[in-house]
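Residue-level listing of the chains:
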Amino acid sequence: MSLIEGLFDVSGKTVVVTGGSRGIGYMIARGFVEGGATVVISARKAEACDEAARELSEFGTCISHPADLSTDEGIESLAAKVAEISPTLDVLVNNAGATWGAPVDDFPAAGFDKIFDINVKAIFLLTQKLLPQLRSAATAEDPARVINIGSIDGLVVSGSENFSYGASKAAVHMLTRKLAATLAGEQITVNAIAPGPFPSKMMAFLLEDEQSAKAVADSVPLGRVGTPQDAAGLAIFLASRAGAYLTGAVIPLDGGASGAR
């Protein structure tokens, strides 16, 4: 038997990607779709979610389910949709998130409430709600996978005034470790990806003109921002046989940016 045959194969898996209509979520969703998985994407804005699913369906099977995961109703709705599609869930990618920036003297309480609700609480509650399907998919040889999208802002201090965002992503990293320790015995792995600069709505204000985009790229030791292949590649590694023995890890995907600080 070949050692590497099927090592990065995700075909036939059922995958959920929250925040899958744009940015890193879209990149990851496309990787799984092209890899032969059945992918359910969610996003708060129905039109954007449906359009992204239409685009991704050109490469395979992608299903849109708009949902506001900062609400109990949104989480219930997405969980019900997943149960309708399949009794098992192989991979859950918790990517949906938001940010908030304001000077320290003006930063409002709402900037913590909103950001922690979607960036941290929703990850826990959706994972909790989908545990029956994750457990049904899990085996010793092929665990079910939860992949949380953190950020290098949860690992290092940046110059941005996004106080609640950085704190929320640090919480995502610790929540990842806690869930990994809790669920390992049930053959469910939980890992986090901590991206650096990627083309996304959150980064658009820094990448919109050539000069600022060059400054961002120059701040990365590898000299560039991330690509769709970078995001999809790591997620597929974590979801495939190649990543089956890894749990509780927080993996920087940042071209060396966090290590250089």
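- In the annotation of an unreviewed UniProt entry, the entry for the chain reads SDR family oxidoreductase, and the organism field reads Rhodococcus erythropolis.
- Under the UniProt heading Sequence similarities (unreviewed entry), the note attached to the chain is "Belongs to the short-chain dehydrogenases/reductases (SDR) family."

Some points on the pairing of strand 2 (residues 38–42)
On a regular strand, one side chain projects to one face of the sheet and the next to the other, so that they alternate.
Item 1. For strand 2, a buried count of four out of five residues is recorded, marking the element as mostly surrounded by other parts of the structure.
Item 2. Bridge count between strand 1 (residues 14–18) and strand 2: five bridges; the pairing is parallel. Bridging from a neighbouring strand, T18 pairs with S42 of strand 2.
Item 3. This β-α-β element, strand 1 to helix 1 (residues 23–34) to strand 2, shows right-handed connectivity.
Item 4. For strand 2 and strand 3 (residues 61–64), the ladder comprises four bridges, and the chain directions are parallel. Along strand 3, the bridge assignment pairs I41 with S64.

Considering the pattern of salt bridges
Item 1. Scanning the entire structure with this criterion turns up ten salt bridges.
Item 2. Salt-bridge contacts for K13 lead to D142; the nearest nitrogen and oxygen are separated by 3.0 Å. Of this pair, K13 sits in the segment before strand 1 while D142 sits in the loop between helix 5 (131–137) and strand 5 (144–149), placing them 129 residues apart in sequence.
Item 3. Under the relative-accessibility criterion, D142 is labelled partly exposed at 30%.
Item 4. Notably, a salt bridge pairs R145 with D142, separated by 2.9 Å at the nearest N-O pair.
Item 5. A relative accessible area of 1% means that R145 is categorised as buried.
Item 6. Taken together, the shared-partner salt bridges in this structure form one network comprising K13, D142 and R145.

Re the nonpolar core
Item 1. Judged by nonpolar contacts, the single largest core of 32 residues is most densely connected at I28, F32, V39, I41 and V93.
Item 2. Sorting the residues of this core by element identifies strand 1, helix 1, strand 2, helix 2 (46–56), strand 4 (91–94), strand 5 and helix 9 (228–239) as the ones contributing at least two each.
Item 3. Residues contacting I41, with those up to four places away along its chain left out, are V17, G20, A29, C49, A52, A53, L56, C62, I63, S64 and H65.
Item 4. I118, V172, L175 and L183 belong to the second largest nonpolar core, which has 31 residues in total.

Section: helix 2
Item 1. What helix 2 keeps buried is the set C49, A52, A53 and L56. The buried residues of helix 2 all sit within an arc of 100° when viewed along its axis, so they share a single face. Seen from the open side of helix 2, the exposed residues pointing more than 90 degrees away from its buried face are E47 and R54.

Quick notes on the sheet that holds strand 3
Item 1. Pairing within the open sheet is parallel, and its seven strands lie in the order 3-2-1-4-5-6-7. What marks the edges here is a single partner per strand, and that holds for strand 3 and strand 7 (250–253). Here the strands of the sheet are splayed against their neighbours by 20° on average, with no regard to which way each runs.
Item 2. Relative to strand 7, strand 6 (residues 188–195) runs parallel, the two being bridged by four bridges. Paired with A192 across the two strands is V250, which belongs to strand 7.
Item 3. Contacting strand 2 and strand 3, helix 2 runs over the sheet at an angle of about 170° to strand 3.
Item 4. Helix-sheet contacts for helix 6 (residues 163–183) involve strand 5, strand 6 and strand 7, and the interaxial angle to strand 6 is about 165°.

Thoughts on the packing of aromatic side chains
Item 1. What the rule picks out here adds up to three aromatic pairs.
Item 2. Where F107 meets F163, the ring centres are 5.6 Å apart and the plane angle is 85°; that geometry is what we call edge-to-face. Placement of F107 in the loop between strand 4 and helix 4 (110–129) and of F163 in helix 6 is noted, with a sequence separation of 56 residues between them.
Item 3. Positioned above the aromatic ring of F59, the side-chain terminus of R30 is 3.9 Å from the ring centre.

Looking at the pairing of strand 6
Item 1. With eight of its eight residues buried, strand 6 lies for the most part within the structure.
Item 2. Side chains I188, V190, A192 and A194 project from strand 6 onto one buried face, and the interleaved T189, N191, I193 and P195 project onto a second face that is buried too.
Item 3. Where strand 5 and strand 6 come together, six bridges link them in parallel fashion. Bridge pairing in strand 6 links I149 to I193.
Item 4. In this region the chain leaves strand 5, passes through helix 6 and returns to the parallel neighbour strand 6; the handedness of that crossover is right-handed.

How each quantity is defined
- Residues numbered from 1 in each chain as written.
- Predicted model: local features only at pLDDT ≥ 70, side-chain atom pairs only at ≥ 80, totals over all residues.
- Heavy atoms only, no water.
- UniProt positions renumbered as here; feature names shortened; annotations may be inferred.
- Buried < 20%, exposed > 50% of the residue type's maximum accessible area, 1.4 Å probe, protein only.
- Helix = DSSP H or I, 4+ residues; strand = E, 2+ residues; numbered from the N terminus.
- Pairing = 2+ DSSP bridges.
- Right-handed = clockwise from strand over helix to strand, strands pointing away.
- Salt bridge = Lys/Arg side-chain N within 4 Å of Asp/Glu carboxyl O.
- Core = buried A, V, L, I, M, F, W, Y, C linked by side-chain atoms within 4.5 Å.
- Contact = heavy atoms within 4.5 Å.
- Arc of directions from axis to C-beta.
- Axes fitted to C-alpha atoms, helices over the stretch in contact; angles between N-to-C directions.
- Phe/Tyr/Trp six-rings, centres within 6.5 Å; stacked < 30°, edge-to-face > 60°.
- Lys NZ or Arg CZ within 6 Å of the ring centre and 35° of its normal.

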